[in-house]
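Close look at the chain arrangement
One letter stands for each residue in the lines below.
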Amino acid sequence: MSWGPLQPARIDFSERHAPAAPDFGDVYPAGAAALERAQQVYLAGNQLPERWAGRSRFVILETGFGLGHNFLATRAAWQQDARRCDRLWYLAIEKHPPHREDLIRAHAGSPLPVLAAELVAKWPPLTPDLHVIDFDGGRVRLLLALGDIADVLPELVARVDAFYLDGFAPDRNPAMWDPWRLRQLPRLAAPGATLAIWRVDSAVRQGLSAAGFELDKVPGTGGQREITVGRFAPRFAAAAPAGRLGWAGNTAAPVRRVAVVGAGLAGAAVAQALAARGLAVRVFDRQGGPARETSGNPGGLFHGIAHAHDGPHARWLRAAALHTARVLRPLVASGTVSGAVGGLLRGEQRLAPAAMQALLQALALPPDYLQVLADSGLADGRAAWFYPGGGWASPADLCGHWLRSPGIEACYGADVQALQHGDAGWQLHDATGSCLHSADAVVLCNASDAQRLLAPLPTGAPWPLRRVRGQTTLLPAELPGLPELPQPLADTGYALRLADGRLLCGATSQPGDEGGELRLVDHQHNLATLRRLTGWTGAVDAGRLAGRVGWRLQSDDRLPLLGPVPDGRVAPGRRRIDQPRWVPRHAGLFVFTALGSRGITQAALGAEALASWITGDPLPLPASLLDALDVARFTSHAVRRGPSSVE
Ligand SMILES: Cc1cc2nc3c(=O)[nH]c(=O)nc-3n(C[C@H](O)[C@H](O)[C@H](O)COP(=O)(O)OP(=O)(O)OC[C@H]3O[C@@H](n4cnc5c(N)ncnc54)[C@H](O)[C@@H]3O)c2cc1C
């Protein structure tokens, strides 16, 4: 479900030391006092930093991010602690996030100026999504969920070690402390989880007790008589959904070695995300190097989308595009990846500018995510959407960068022809039957070939996928009169300038066509797109142009396939598998494929989601989006239609 539209905070700074929230008749904690309070209430109340010492992962959930003081104090404590956990996950919910300018004002003169400046610099466009923001080389990860706690809390997928129950006072903001809402906490609490609250009343205390927390009052600081701390001590533990256990939850053995099949965008992104979590990853590709098949285009676009219903497709592509921009910005700036994150214009096909504006306002999407340009400069005079965080990138550069991460070994010219599961995990075999590798788990990122490898296994309902041929066209840089194209242009096709000056335009879309040859008629189609978008009138011998043919793998619902592979041996009807999260899976067997025509946009966030799923880290996607992307969705759909449609 959508969490939008989002209403940013209204903050009154007339009292410099106590910024006020007029909508709640309350003040924000500010400055040194706010950091001190974070230390004494939330860190000390959760026995931090002691409890995270020596752990590989520690997860905090804060309700009410406010101006971010609790996060800054926690990050500072983590940085200063020699025995800190390897990776700190900080989940935070905020219904009314501050605008960037207000965040700057709130932290002017901060006792933690470097950390505050970094938070401001990484502050995301205020869209109703789960934003993944990395600090300290990714070892501290902020998952910022912008939306109402009533919508967000049921959507989080995480095992939380410490709760910071913050927010305006219960009498000023009763919706936040609703007892029913507090009953969501046990689902998220890890064994031994603790909590700390600054302001509490008897109703909140009762709600938390009913949720399974043993509470204590301890002396408070800063004028507060006492604060409440708690420890999760439930009378019974509910079973987690089978499909959400990933690998860590399916086996008692420690997770160490993973094999990834495919070194395109999907495989490279997954390998990087797993290696960053400390796993030993070996990548296999049948080609002589990375990104030699569909991911081999010299450039491709990335950007979000806007749709009136803000359904799973729109929400996923928005979150994925915002994440990709965050990942690419430093890589493009350092010259590691050829590309640009300087905006993208997409010509509107259907709506007039007034209707586009109305859509933008209804969704309350901010201008740093999306703007309407009535006077777009497109050659045919159409209005356009402008995505400031969109752009283009070289898929091969990105794959190469990801695959150079420590902990990854890449094996090329290695054609995986069969998978076998045994006591030692998964074995990968080549065409001669020789074992290429054994691993605890395997992730199939080999596009349409994943289905062939899985054919001998029961995997539930068939996956409705198709291959769609596409041809691109490359125009030489020296061709006279070619448009400059400071930003990529798109509608049903696209045009962009590569870093070496060549102009790339495309692409055709031919479902079911397996022809690998370059075609004159397809070049002509792409040149027509270029003329439509830019007004270019130059002449060129289309028969002599370079280009490339590839195949997008597309699902019927245009969403990728992600997650543990369903185990079709479990008879439908015996379990509650009408929802993907309850569908049983093959232990240690995962897939990420069907990135369609949006591989650059979708690879990074999809890979993060899969890596979290595998290792038991907090998921960077809401549960409803995970269900929408889950490869088990086809089994669930089939169950809803009737048992005969499940294999
Ligand atoms: C014409 C065209 C234009 C496009 N434009 C854009 C664009 O502008 N923006 C965008 O985001 N996306 C674009 N795309 C889509 C994008 O290229 C894909 O979404 C993306 O490349 C898919 O990545 P992948 O890793 O899933 O697949 P692939 O790149 O195909 O990677 C799969 C890898 O698996 C390997 N493999 C397969 N089987 C085996 C096996 N049995 N053993 C070992 N290795 C194996 C292959 O060698 C290959 O390297 C375009 C696609 C086309 C065709």
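Refer to the structure above for everything that follows.
How each quantity is defined
- Residues numbered from 1 in each chain as written.
- Predicted model: local features only at pLDDT ≥ 70, side-chain atom pairs only at ≥ 80, totals over all residues.
- Heavy atoms only, no water.
- Axes fitted to C-alpha atoms, helices over the stretch in contact; angles between N-to-C directions.
- Helix = DSSP H or I, 4+ residues; strand = E, 2+ residues; numbered from the N terminus.
- Parallel < 35°, antiparallel > 145°, perpendicular 65-115°, else oblique.
- Left-handed = near helix turned anticlockwise from the far one by under 90°.
- Contact = heavy atoms within 4.5 Å.
- Nonpolar A, V, L, I, M, F, W, Y, C, P; charged D, E, K, R; others polar.
- Pairing = 2+ DSSP bridges.
- Phe/Tyr/Trp six-rings, centres within 6.5 Å; stacked < 30°, edge-to-face > 60°.
- Buried < 20%, exposed > 50% of the residue type's maximum accessible area, 1.4 Å probe, protein only.
- Lys NZ or Arg CZ within 6 Å of the ring centre and 35° of its normal.

Below, the discussion takes up the packing of helix α9 (residues 265-276) against helix α15 (residues 599-615). Following both chains from N to C, one finds α9 and α15 inclined at 40°, their axes separated by 8 Å at the closest point. Taken together, the axes of α9 and α15 lie oblique to each other. Considering the relative orientation of α9 and α15, their crossing is right-handed. Residue-level contacts link L265, A269, V270, Q272, A273 and L274 of α9 to G599, I600, A603, A604, A607, E608, L610, A611 and I614 of α15. For the contact of α9 with α15, the class distribution of residues is twelve nonpolar, two polar and one charged.

This part covers the sheet that holds strand β7 (residues 160-165). The strands making up a sheet associate through hydrogen bonds between their backbones, and the pairing can be parallel or antiparallel. Spatially, the eight strands line up as an open sheet ordered β5-β6-β4-β3-β7-β8-β10-β9, and their pairing is mixed. What marks the edges here is a single partner per strand, and that holds for β5 (130-135) and β9 (213-219). Adjacent strand axes in the sheet meet at a mean angle of 20°, parallel and antiparallel pairs treated alike.

With that settled, the discussion passes to the packing of aromatic side chains. Inspection of the entire model under this criterion finds ten aromatic pairs. With centroids separated by 5.8 Å and ring planes inclined at 20°, the aromatic side chains of F65 and W123 adopt a geometry described as stacked. Of this pair, F65 sits in the loop between β3 (57-63) and α2 (69-80) while W123 sits in the loop between α4 (113-121) and β5; the two residues are 58 residues apart in sequence, bridging distant segments of the chain. Residue classification places F65 among the buried positions, given a relative accessible area of 2%. Between F213 and F232 the ring centres are 5.1 Å apart and the planes differ by 45°, which places this aromatic pair in the tilted class. Within this pair, whereas F213 is found in strand β9, its partner F232 is found in strand β10 (residues 226-232), the two being separated by 19 residues in sequence. For the pair F213 and F232, one class covers both residues: buried. Put simply, the rings of Y42, F65, F71, Y90, W123, F135 and Y164 pair up and form one aromatic cluster. Its guanidinium or amino end placed over the ring of W78, R84 lies 4.5 Å from that ring's centre, counting from NZ or CZ. Here the guanidinium or amino end of K122 rests over the ring plane of F135, the centre of that ring lying 4.9 Å away.

Sheet topology note: the strand β15 (residues 344-347)/strand β17 (residues 384-387) ladder contains four bridges and is antiparallel. Its bridge partner lying in β17, L344 is registered against Y387. Bridging between β15 and strand β25 (residues 489-490) involves two bridges; their strand directions are parallel. Directly across from R346, in β25, lies its bridge partner A490.

Further remarks concern the packing of helix α10 (residues 312-333) against α15. Where α10 meets α15, the closest approach of the two axes is 8 Å, and the angle between their N-to-C directions is 90°. When the interaxial angle is binned, α10 and α15 end up roughly perpendicular. In this structure, α10 contributes W316, L317, A319, A320, A321, H323, T324 and V327 to the contact, and α15 contributes I600, T601, Q602, A604, L605, G606 and E608. Residues belonging to the contact of α10 with α15 are distributed by class as follows: nine nonpolar, five polar and one charged.

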